[in-house]
Amino acid sequence: MASGKSIFFGFFTMLGLVNAHQAFPGRILNRASEVEQSYDYVVIGGGLSGLVVANRLSENPETTVLIIEAGGFTENEDWITIPLLSSANVPALGNGPKGTKYDWNMTGIPQLELGNRSIQTPAGKVIGGGTVLNGMVFNRGSKADYDRWVALGNPGWDFENLLPYFKKAENFTPPDPKAEEEGWDIEYNPAYHGEHGHVQSSFAPYVWPSTSELKGNYINSMKELHVPIIEDAMGGNAAGAYWFTQSVNPKNETRSTAQGFYDPSRPNLHLLIGNRVTRIIIDTGKAKGVEFSAKENAARSTVQVLKEVVLSAGTLHTPQLLQLSGIGDKTHLSSLGIETIVDLPGVGSNYHDHILLYTGQIGNNQTWISEQLALYESKKEGPYTTLGGNFFAFLPVGTFSNKTALLSAAVAQSKSQYLSSNTPATVRAGYETQFALLQKDITSSSTAYLEFIFDDTAILPALHQPFSRGTVSINSTSPFDSPVIDPRYLSNPLDLALFVAGFEYARAIRKTNAMQTINVIETYPGASVTTNQQIEEFVRAGVDTEHHHAGTASMLPQELGGVVDPELRVYGVEGLRIVDASIVPMLPAAHLQATLYGIAEKAADLIRTSYSR
């Protein structure tokens, strides 16, 4: 390897080009021998968060940044780029990129409350990470969702402080003028959107028959059930029904990913692909470097860090890497023969996720979709420009259920009785604080607990304020072994009660006059499932992940099981921050990517500010 930062810029200095405004080819590295000896920052993970942070830090040409990513770039396959194929929201069209080489292809352990089913846990092994695998919904939670983070001990992380960062990442395109001409009635507030970011957000140019207000289906069903139709949910009022934006580039109607944040014209930004970080090197309480390797049996290399390591490996791999580096619960690390550098019981704890339930239906519009791919390929029009729908609802408990009954059930619990019996005391204390917030908001009209996803063939209730908590841990000292993922789905019976209510509300939606105008009939599970017990059994057999994994390195006070402070610094280690979904202490009621873009933008500012004081 070369000998450091001076050599890193030496060639360009000799040419007199360091301060020039010309663009130079970026450096995509494939081998350890191409990596410099040291960088100011090493970013572990080339997913959403890692790419955003690396982009912002490398805006300063004097700052050297290395990203290390286990995957590579996509080959722009149709099932990556075409929204309807890639979203995997229409089962007949396949799973998109999930389960492919761009996915880590991990599976959780058998879940007791799901009849010992194991649930696949998609996570991106690719430049762009989860933004290559996700369903491309681009929405934010309610103001109350983010304000909770402040209540948990994180000043500066409320909605008002996050909004500028949400906007900074976004490149918003208003709806096509023809939308108004055709009576779509899509409204937006430009004050809630950004225009200069690197991730595209746009409204689909095609409206599904079941959505169109002119045909009087889902929109009118919501009105019939007295659900408010929100003008623009990106402004912090997101408890209701609304048109959603998608991370799709409206110029060519293809998936927009975090790859837009990778700038190959910066000679100070290096990207090493096909290599996995195996350990963070910590010496006398400071992160000094990173160890990495291309394969399990290959030689391991190291790179020095002059300022900070930014860990952005994701909710499933970030705790694994911390534990392998000696940061985690001391008892667990000792059982594996790992020397404890920092005893942080919260590492790998507080795992939670959004989970959904498929319920199927038929109506009058089932025969034509197979004819639409040619339309997309020729004109970039039609349903293939969408994710399978245009409109959904995020609803408070009182809208879809008896909030008094659910509150009574919550009050009857001791706050942490459904946690695993071996939950550390600090983690238990942190959960009890979260439980109190969840319990309080059962009666709130501004905090959504369930999402209802609508398309022509289904209604899918999804739980967005789960009471259950799981863990991610290691049972091996090999970084090439998958972590043990135990989501503990439905371990708190309140989650099952919420799903039962959501299932019954989906039926109420189908029974509205608006939906009956197209003769909607439930086909799955069908009329034979009627009793509470039957519905519970259907839920246990059918729930699946939205792969919004979060919480395993939570931003909480250390005495509440926290792993990072409000500046995302790992407790007890200098020069190590975490920037990914693992720091989210409580998930917002929203699909996760728009929130993570904002977190990463804010994190980059925190890092830069700490070195300008």
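Note that the coordinates shown come from a computational prediction; the quantities given were computed from them, not determined experimentally. (Residues numbered from 1 in each chain as written. Predicted model: local features only at pLDDT ≥ 70, side-chain atom pairs only at ≥ 80, totals over all residues. Heavy atoms only, no water.)

**Some points on the overall build of the chain**
Counting its secondary structure elements, the chain contains 19 helices and 28 strands. In summary, the chain has a C-alpha radius of gyration of 24 Å against a globular reference of 25 Å for 613 residues, a match within 12%. Once the C-alpha set of the chain is aligned to its principal axes, its extents read approximately 75 × 55 × 45 Å. When each of the 613 residues of the chain is scored for burial, the buried share is 61%. The contacts in the chain between residues at least 6 apart in sequence include a share of 75% that link residues at least 24 apart. (Helix = DSSP H or I, 4+ residues; strand = E, 2+ residues; numbered from the N terminus. Rg over C-alpha atoms; globule rule 2.2 N^0.38 Å. Buried < 20%, exposed > 50% of the residue type's maximum accessible area, 1.4 Å probe, protein only. Contact = heavy atoms within 4.5 Å.)

**Focus on the pattern of salt bridges**
Under the criterion given, the structure shown has 20 salt bridges. Two residues, R540 and E113, come together in a salt bridge whose shortest N-O distance is 2.7 Å. Separated by 427 residues along the polypeptide, R540 in helix α18 (residues 532-542) and E113 in the loop between β4 (106-107) and β5 (120-121) bring together distant segments of the chain. Here D147 makes a salt bridge to K143, at a shortest N to O gap of 2.6 Å. With D147 and K143 both in helix α6 (residues 143-151), this residue pair falls four residues apart, about one helical turn. Since its relative accessible area comes to 23%, D147 is described here as partly exposed. (Salt bridge = Lys/Arg side-chain N within 4 Å of Asp/Glu carboxyl O.)

**Concerning the packing of aromatic side chains**
Each aromatic ring pair is summarised here by two numbers: the centre-to-centre distance and the angle between the ring planes. In the structure shown here, the tally under the stated rule is 26 aromatic pairs. Ring geometry for F261 against Y597: centres 5.7 Å apart, planes inclined by 25°, an arrangement best described as stacked. Of the two residues, F261 is situated in the loop between β12 (254-255) and β13 (269-273) and Y597 in helix α19 (residues 593-610); the sequence distance between them amounts to 336 residues. Side by side, F261 and Y597 carry an identical accessibility label, which is buried. (Phe/Tyr/Trp six-rings, centres within 6.5 Å; stacked < 30°, edge-to-face > 60°.)

**Quick look at the pairing of β13**
Consecutive residues of a regular strand have side chains that alternate between opposite faces of the sheet. Within β13, five of the five residues are buried, which leaves the element mostly enclosed by the surrounding structure. Neither face of β13 is open: one carries L269, L271 and I273, the other H270 and L272, and all of them are buried. Taken together, the three bridges between strand β1 (residues 27-29) and β13 define a ladder with parallel strand orientation. Bridge pairing links L29 to L272 in β13. Bridge analysis of strand β3 (residues 65-69) against β13 gives five bridges, and the strand direction is parallel. Counterpart to E69 in the pairing with β13 is I273. (Pairing = 2+ DSSP bridges.)

**Regarding the packing of helix α14 (residues 403-412) against helix α16 (residues 493-510)**
Where α14 contacts α16, the axes come no closer than 10 Å and their chain directions differ by 170°. The angle between α14 and α16 places the two elements in the roughly antiparallel class. Residues L406, A409 and A410 of α14 form the contact with α16, whose participating residues are L494, A497 and L498. Taken together, the residues of the contact of α14 with α16 break down into six nonpolar, no polar and no charged. (Axes fitted to C-alpha atoms, helices over the stretch in contact; angles between N-to-C directions. Parallel < 35°, antiparallel > 145°, perpendicular 65-115°, else oblique. Nonpolar A, V, L, I, M, F, W, Y, C, P; charged D, E, K, R; others polar.)

**Things to note about the side chain of K602**
By secondary structure assignment, the location of K602 is in helix α19. In this structure, K602 is buried with no salt-bridge partner, the nearest side chain bearing the opposite charge being D158 at 7.2 Å. The residues touching K602, leaving out its near neighbours within four places in the chain, are G156, W157, L162 and Y165. (Lys, Arg positive; Asp, Glu negative; His and termini not counted.)

**Digging into unusual backbone geometry**
For the bond from Y524 to P525, the omega torsion is 10°, close enough to zero to count as cis. Note on placement: P525 falls in the loop between β26 (521-524) and α18. We note that N116 has phi near 65°; this positive angle belongs to a residue other than glycine. Relative to the helices and strands, N116 resides in the loop between β4 and β5.

**Observations regarding the environment of I362**
Mapped onto the secondary structure, I362 falls in strand β20 (residues 359-362). Look at I362 and you get partly exposed, because its relative accessible area is 41%. As for I362 and T523, which are separated by 161 residues in sequence, their C-alpha atoms are 6.7 Å apart. Not counting the four nearest positions on each side in its chain, I362 is found in contact with N519, V520, I521 and T523.

**Topic: the packing of α6 against helix α7 (residues 159-169)**
Put simply, α6 and α7 touch, their axes get as near as 9 Å, and they point 115° apart. Between α6 and α7, the angle falls in the class roughly perpendicular. In this structure, α6 uses K143, Y146, D147 and W149 to contact α7, whose residues at the interface are F159, E160, L162 and F166. Of the residues contributing to the contact of α6 with α7, the split by class is five nonpolar, no polar and three charged.

**Looking at the nonpolar core**
In terms of nonpolar packing, the biggest core is built from 147 residues, with I327, F400, F452 and L576 touching the most fellow members. Among the elements that make up this core, the one with the highest residue count is α16 (ten residues). (Core = buried A, V, L, I, M, F, W, Y, C linked by side-chain atoms within 4.5 Å.)

**Here's the deal with a negative patch on the surface**
A contiguous patch of negative charge on the surface is contributed by D176, E180, E181, E182, D185, E187 and E231. Relative to the helices and strands, E187 resides in the loop between α8 (177-181) and β8 (199-202). E187 sits in the partly exposed class, given a relative accessible area of 41%. (Patch = residues over 30% accessible without salt bridge, like charges linked within 9 Å, V, L, I, M, F, W, Y side chains within 5 Å. Areas by Shrake-Rupley, 256 points an atom, 1.4 Å probe, with all protein chains shown as cover. Charge placed at Lys NZ, Arg CZ, Asp CG, Glu CD.)

Function-wise, these values are silent; they only describe arrangement.
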